[in-house]
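# Structural characterization, general
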Amino acid sequence: MSERHPVTLSVEGMSCASCVGRVERGLSALDGVGDVSVNLASETARITVDRPDRIAAAVGTLDDLGYPARTATVTLNVESMSCASCVGRVDKALEAIPGVLDVNVNLASESATVTYAEGAVSPDDLIAASTGIGYPATLAEAMGGEDRTARKAEEARGLAWRTGYAAALALPVFVIEMGGHVFPAFHHWVNATIGQQTSWILQFVLTTLVLAGPGRVFYRKGVPALLKGAPDMNSLVAVGTGAAYLYSVVATFLPGLLPEAVRAVYFEAAAVIVVLILLGRFLEARAKGRTGAAIQKLLGLQVRTARVMRDGESVEVAVDELVLGDTVIVRPGERIAVDGEVIEGASHVDESMLTGEPVPAEKGAGDAVTGGTVNGAGSLTVRATRVGADTTLAQIIRMVEEAQGAKLPIQGLVDRITLWFVPAVMTAAALTVLVWLVVGPTPALTLALVAGVSVLIIACPCAMGLATPTSIMVGTGRAAELGVLFRRGDALQQLDSVGVVALDKTGTVTEGRPELTDLVLAEGADRADVLSKIAAVEDRSEHPIAAAIVRAARAEGAAAAGAEDFASITGHGVRATVDGVEVLIGAGRLMDREGIDTGPLRAREAELAGRGRTALFAAVDGRLAALVGVADPVKPASRAAIAALHDKGLAVAMITGDKRETAEAIARETGIDHVVAGVLPDGKVAALEELRRDGRRVAFVGDGINDAPALAQADVGIAIGTGTDVAIDSADIVLMSGDLRGVVNAFEVSRRTMRNIRQNLFWAFAYNTALIPVAAGALYPAFGVLLSPMLAAGAMALSSVFVLTNALRLRRIAPAMDEGRAAEPAAPAGAAVAAPAE
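Residues numbered from 1 in each chain as written. Predicted model: local features only at pLDDT ≥ 70, side-chain atom pairs only at ≥ 80, totals over all residues. Heavy atoms only, no water.

### Structural notes on the packing of helix 1 (residues 17-28) against helix 2 (residues 54-65)
- The interhelical angle for the contact between helix 1 and helix 2, taken along N-to-C directions, is 140°, at an axis separation of 10 Å. Classified by the interaxial angle, the pair formed by helix 1 and helix 2 is oblique. For the element pair helix 1 and helix 2, the recorded crossing hand is right-handed. Residues R22, V23, G26 and L27 of helix 1 lie in contact with helix 2, whose contacting residues are A58, T61, L62 and L65.
- Taken together, the residues that form the contact of helix 1 with helix 2 break down as five nonpolar, two polar and one charged. (Axes fitted to C-alpha atoms, helices over the stretch in contact; angles between N-to-C directions. Helix = DSSP H or I, 4+ residues; strand = E, 2+ residues; numbered from the N terminus. Parallel < 35°, antiparallel > 145°, perpendicular 65-115°, else oblique. Left-handed = near helix turned anticlockwise from the far one by under 90°. Contact = heavy atoms within 4.5 Å. Nonpolar A, V, L, I, M, F, W, Y, C, P; charged D, E, K, R; others polar.)

See below:
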C-alpha cells in the first residue's frame, strides 16, 4: 500500500453547507485523493494523497468548481549550487513536497521561486527540504501569506462597503413601494406627482444597479452552479431575486403579458434581499475573524527578532535566522525568542501563557526556558535548543490549527442532509409555485411568486454548515488559552461521553520526585550530624530516594562530608565510611542482619508505612541513629481536581505500578474511587479494558514513557505537558500545566462546546424545518399570513449570525477550578509514595 500524505488546502468562496458538499464530492472523486474533510468555518479542505503531484489536480478541481485554493509564492536564496545538476536536485526536492505546485530554480541568481497551496506547506518546509539535501536556503521574499484574521477583516471591510452601497440604492425603492402599502396617502401622493409608471421605472433603475453591482456575486457564482446541476446558496438567492426582478420588469415594460389583477412590482424585494444577505455575510465575516482569536493570540507571542552573539558581538537578527546552539541574550522585560537552556544569569520568567500559573518561575543556569514566555527583571543568556517550527510555541499553534480544522463525528449527519438539501429546497419552491397557481386565490400568480421566492431565500443552509466548525474553532481556541491542547479534534466530542477518568500516579497525581518528609532521631542523636552523615553516603547513590535525602540536607544547610568505601547492598541498602565511622542506611532487614536493634523506632516505622511513606533506618558506628521517611508528595491541586471531576459525575480510578498499600494511602487522601496497583505498562492497558466492561468510556491521564500504550489505548488519552515527548505524542489531549486542573478544564471545554454544537444544530435544523412551510404559505388559509421575501432574507441572515454569535460565547468559558481551590494543599498523610515504581 502506498504512503498517504496529509494536506490542508485553504479554500475561497465557500458560503454554505452545500458549498462544502460540492467541494467534498469534487475532491473525493479524484484518483489518489482520500480522507476528504472540508471545514466551512476555517475555510479549509483536508485531504490525503498517494503522490505529491495529486495536489495540483486537487487545486485544479477546486478552481473548476468555483472555489479556488489560495496559493502563495515565495523566493528562497539557495547556497552551494554550482551546476545544472545542483539545480535539478533542488528542483526535485522542492517538487516532492506535498502542496508545491510550481518550482523555478535559477542558478544565475542562486534562487528558487516556489508556488504552493497555502495551508498545505509553509516556507519553513521548503527551507528544510533544500537545506536537508545540502543546499542551505533562506527566505528572500514571501507573498500571499497574510493571516486569517487580517484576511477576514479585509473581507469584512469589502462587504461593509458593498452593503452600504446596496442599502443606499435600495432605500428609495423600499420607501416608495413599501411606504405606499403601509400609508395609502403616500401611495396616492407618489401617483399624483411622478406617477406609478415613473415610480416603477425609478425602482427598476435603482434595483438594477443593486443587482448588477453589489449583488452581482450571487449571479456570477450561483448561475453557473445551477447550470451544472449543483445549485448552492448563491443559486437560491440568484433564482429568488431574479424571479422577483424579472416579474417586475415584465410588469413595468410589458404589462400586456400579465393579467391586470396581477400587475405589480417586487423590485423592493429583490433589492432588500441582496442588502440583507450582504449584511449577514458582513456580520459572518466579522464573527469568523473572531473565531480564530486564540490562534492570533498565540501568533502574537512569537518574537520577530532576537539579540544573539555572533563573532563575539551582540547583534539583532530575525528569529528565522536563528540556528541550534545560538547564544541568545534576553534583556529584562523581553519575550524569550526560542526554547533553550539558561547558561548565564538569573531571573523570574512569566510562563502563564504555557502553564496558567500566575507566579513567575525562577530561572538560573541549567534551567530550561520556552519561547514566547516573558523575562522578568534579570538578564539571561540562553543557548537555543529548539528553533523555528520545532519550538514549543510553534508546535502548540500547529496543534490548535489542526484541532480547529477537525471534523467531528456529529458533523456526518449534517453532511448527509446538506447533500440533498438545496436541490430539495428548489423542488419545494417549484411545488409551492405550482400549488399556488392551481389552488391559490386571486391573484394566484402574484401569491405564487411571493411564496416561491420566500421558500428559496429562507432555506439557505448557511447556519447548518457553520453550526459545528465554528463551535470547534472557538472551543479549541479557548481550551488552548486555558492550557488544554486538543491534538485530535474528535477528542472534543469523545471526551464528552467519558464516564471514567483513570489516572497514572507518579508525576500525575503526585509530584514524581520523592522528598524527605520525616527524620525521627534515636535517643541522643544530633539532627545536623546524622543528616550530614547519611547525606554524604546517599550522595554516592543514584537512587531517587538518595537524591531526596541529599536535597533535604542541602536545604537545611547540613555540613558537607565525604564518604569512603561506598557499597550498595542489593535489596537491603547502602553503607560507607564518613569521618572515620561506618554509616548504614536501609530497610529493617539490613539492621537485623548487622545486629542493630531497631526496636525503639519500630512503632514509628509502622506508622510511616501506614501513611504510605518509604521508611529507612540509619545507623552510625553500629548504633541506631534515625528513622528516615521519604515520600512522593501529592500535587497541591490533585485532591481538589479529583473532587471537581466527581462533581461532574465522573468516576476516578488510579492505575499504578506501586504496591497497593502506597496506592491506597494516596487514594484515601485524594478521594480516588478505584485503585489498580502493582501493574506493568501492558497491565495498564488490561486495566483500562476492565474499566470499560460496563460500557463506560475511559479517559487515561499520564506523563511517562511507560504510559504511552495506555494513552493510545484509552478512548481519550490525556498527557500531562510536563511529561515525556513519547507520552505527549501518544495522547489525544495535552495539558500544558503540570497538574490535574487541566483535566477538569478539558472536560469543561468539551461539555460546553458539545452543548453549544447541539444548540447550533437544533437552531439550524429547527429554523429550516419550521419556516419553510411558513414561507410556502402554510399559515395563509387560516390566518391570511404570507411571509414577505424580505422578511425571509432577514431571517436567513439572522440564523447564520445567531449560530456564529452563539459559538463566540465559548470564548467566555471560565476555568473550571478557581485559584483558591486549585491551590488547596493536600494533607501530609496523603503525600505518599516510595521510589517511583512506574
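Anyway, onward from the coordinates.
### Focus: the packing of aromatic side chains
- Tallied over the entire structure, the rule returns seven aromatic pairs.
- Within the aromatic cluster, the residues linked to one another by ring pairs are F204, Y245, F253 and F267. (Phe/Tyr/Trp six-rings, centres within 6.5 Å; stacked < 30°, edge-to-face > 60°.)

### Topic: the environment of L456
- Inspection of the secondary structure assignment puts L456 in helix 15 (residues 444-458).
- In this structure, the C-alpha to C-alpha distance between L456 and A776, residues 320 residues apart in sequence, is 9.5 Å.
- Among residues more than four places away in sequence, those in contact with L456 are L236, V239, G240, V425, M426 and A429.

### Points about the environment of R752
- Position of R752 relative to the elements: it lies in helix 27 (residues 741-776).
- Classification of R752 as partly exposed rests on a relative accessible area of 25%.
- Sequence separation between R752 and R809 is 57 residues; the distance between their C-alpha atoms is 9.9 Å.
- Filtering out sequence-adjacent residues up to four positions away, R752 remains in contact with L810 and I813. (Buried < 20%, exposed > 50% of the residue type's maximum accessible area, 1.4 Å probe, protein only.)

### Here we look at the UniProt feature "transmembrane region" (unreviewed entry) in the protein chain
- In the numbering used here, UniProt assigns the feature "transmembrane region" (unreviewed entry) to residues 159-180, 200-219, 235-258, 264-283, 417-439, 445-468, 761-780 and 786-808.
- Structurally, residues 761-780 is divided into 85% helix and 0% strand, and its ends, taken at the C-alpha atoms, are 28 Å apart.
- The span residues 786-808 is 87% helical and 0% strand by assignment, and the distance between its end C-alpha atoms comes to 34 Å. (UniProt positions renumbered as here; feature names shortened; annotations may be inferred.)

### Regarding the sheet that holds strand 13 (residues 361-363)
- Strand order in the open sheet made by the three strands is 13-12-15, with antiparallel pairing throughout. The two strands at the open ends of the sheet, each matched to only one other strand, are strand 13 and strand 15 (374-375).
- With three bridges connecting them, strand 12 (residues 347-350) and strand 13 associate as antiparallel partners. Its bridge partner lying in strand 13, H348 is registered against E362. (Pairing = 2+ DSSP bridges.)

### Observations concerning the side chain of T61
- The residue T61 is located in helix 2 in this model.
- A residue is classified by how much of its surface remains accessible, and T61, at 14% relative accessible area, is buried.
- In contact with T61, other than residues within four places in its own chain, are G26 and L30.

### Here we look at the pairing of strand 11 (residues 339-345)
- In terms of strand pairing, strand 11 meets strand 16 (residues 380-386) through six bridges, oriented antiparallel. Counted as the bridge partner of G340 is A384 from strand 16.
- Bridging between strand 11 and strand 14 (residues 368-369) involves two bridges; their strand directions are antiparallel. Bridge pairing links G340 to V369 in strand 14.

### Quick look at the pairing of strand 27 (residues 697-702)
- Strand 27 sits mainly inside the fold: five of its six residues count as buried.
- Judged from the five bridges that link them, strand 18 (residues 498-503) and strand 27 form a sheet pairing that is parallel. Along strand 27, the bridge assignment pairs L503 with V701.
- As judged from the four bridges shared by strand 27 and strand 28 (residues 716-720), these two strands associate in the parallel manner. From the neighbouring strand, V701 faces strand 28, where its bridge partner is I718.

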